[in-house]
Amino acid sequence: MPEKIDKLDIEILIELQKDARKSLKEIAEKLDVAEGTVYNRINKLKRMGVIEKFIPIINHSKLGFDLTAIIGITAEGKHLVELEEILAKEPNVTAVYDVTGEFDVITVVKFKTREDLNEFVKKIAGMKHVKKTYTMLVLNVVKETHAVELDKLADKILQ
């Protein structure tokens, strides 16, 4: 029988999204369960692929990468996956999305300078199977996270 996610799993995920460095003991105390239960649940969530890894959330601006751009790319269809794999290996690319609509691929990129962005866009536009690019500069970041509000979505997750 496949493993399922329950309310306790969601509560553990909520705590980990707040601070993945919380100790098992802290999470257990907060949720009023045994430390071993938290340990086992986290391992279950890892096995299920719900938790892929624990990483710090880095403020790229503090490292000088103040320039964020979103680039829409139209590609030759049969080379789409190949292009996405190339883009995913670029060090300034933080996301590559295979999308529907006007573009085939959307990438999110972060750079220190306009010159670096300009060089990157020209590199992408010059790639063999790229038909068109459309670059949008981010003026202000209102929200940027990989977290979703699990507490507000719990009912939908448990369905």
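*Asks:* If you had to explain the environment of Asp 104 to someone new, which residues and values would you point to?
*Replies:* Locating Asp 104 in the fold gives a position in the loop between strand E2 (93-98) and strand E3 (105-111). Assessed through its relative accessible area of 23%, Asp 104 is described here as partly exposed. Sequence spacing of Asp 104 and Met 136 is 32 residues, and the spatial spacing of their C-alpha atoms is 16 Å. Non-local contacts of Asp 104, meaning those with residues more than four positions away in its chain, are made with Ile 73, Thr 74, Ala 75, Leu 80, Glu 84, Tyr 97, Asp 98 and Val 99.

*Asks:* Describe the layout of surface pockets, naming the residues involved and giving the relevant values.
*Replies:* A volume near 1,600 Å³ is recorded for the largest pocket. Broken down by secondary-structure element, the contributors of at least two residues to the lining of the largest pocket are helix H1 (7-18), strand E1 (67-75), E2, E3 and helix H6 (150-158). Tallying contributions element by element places H1 first for the lining of the largest pocket, with 5 residues. Taken together, the residues of the lining of the largest pocket break down into 24 nonpolar, 9 polar and 8 charged.

*Asks:* Outline the side chain of Glu 84, listing residues and values.
*Replies:* Examined against the element boundaries, Glu 84 turns out to sit in helix H4 (residues 80-88). When sequence neighbours within four positions are dropped, the list of residues in contact with Glu 84 reads Val 96, Asp 98, Asp 104 and Val 105.

*Asks:* A description of the packing of aromatic side chains should follow, citing residues and the corresponding values.
*Replies:* Inspection of the entire model under this criterion finds 2 aromatic pairs. With centroids separated by 5.4 Å and ring planes inclined at 50 degrees, the aromatic side chains of Phe 111 and Phe 120 adopt a geometry described as tilted. Both residues of the pair, Phe 111 and Phe 120, belong to the buried class.

*Asks:* Can you tell me about unusual backbone geometry, naming the residues and giving the values?
*Replies:* Residues other than glycine predominantly adopt negative phi, and peptide bonds predominantly adopt the trans conformation. Phi at Asp 32 is positive, roughly 60 degrees, even though this residue is not glycine. Along the chain, Asp 32 falls in the loop between helix H2 (24-31) and helix H3 (35-48).

Rules of the game
- Residues numbered from 1 in each chain as written.
- Predicted model: local features only at pLDDT ≥ 70, side-chain atom pairs only at ≥ 80, totals over all residues.
- Heavy atoms only, no water.
- Helix = DSSP H or I, 4+ residues; strand = E, 2+ residues; numbered from the N terminus.
- Buried < 20%, exposed > 50% of the residue type's maximum accessible area, 1.4 Å probe, protein only.
- Contact = heavy atoms within 4.5 Å.
- 1 Å grid on protein atoms, 1.4 Å probe; cavity = no way out; pocket = protein on both sides within 12 Å on 5 of 7 lines; lining within 4 Å.
- Points joined across faces, edges and corners; volume = space filled by probe spheres on them.
- Nonpolar A, V, L, I, M, F, W, Y, C, P; charged D, E, K, R; others polar.
- Phe/Tyr/Trp six-rings, centres within 6.5 Å; stacked < 30°, edge-to-face > 60°.

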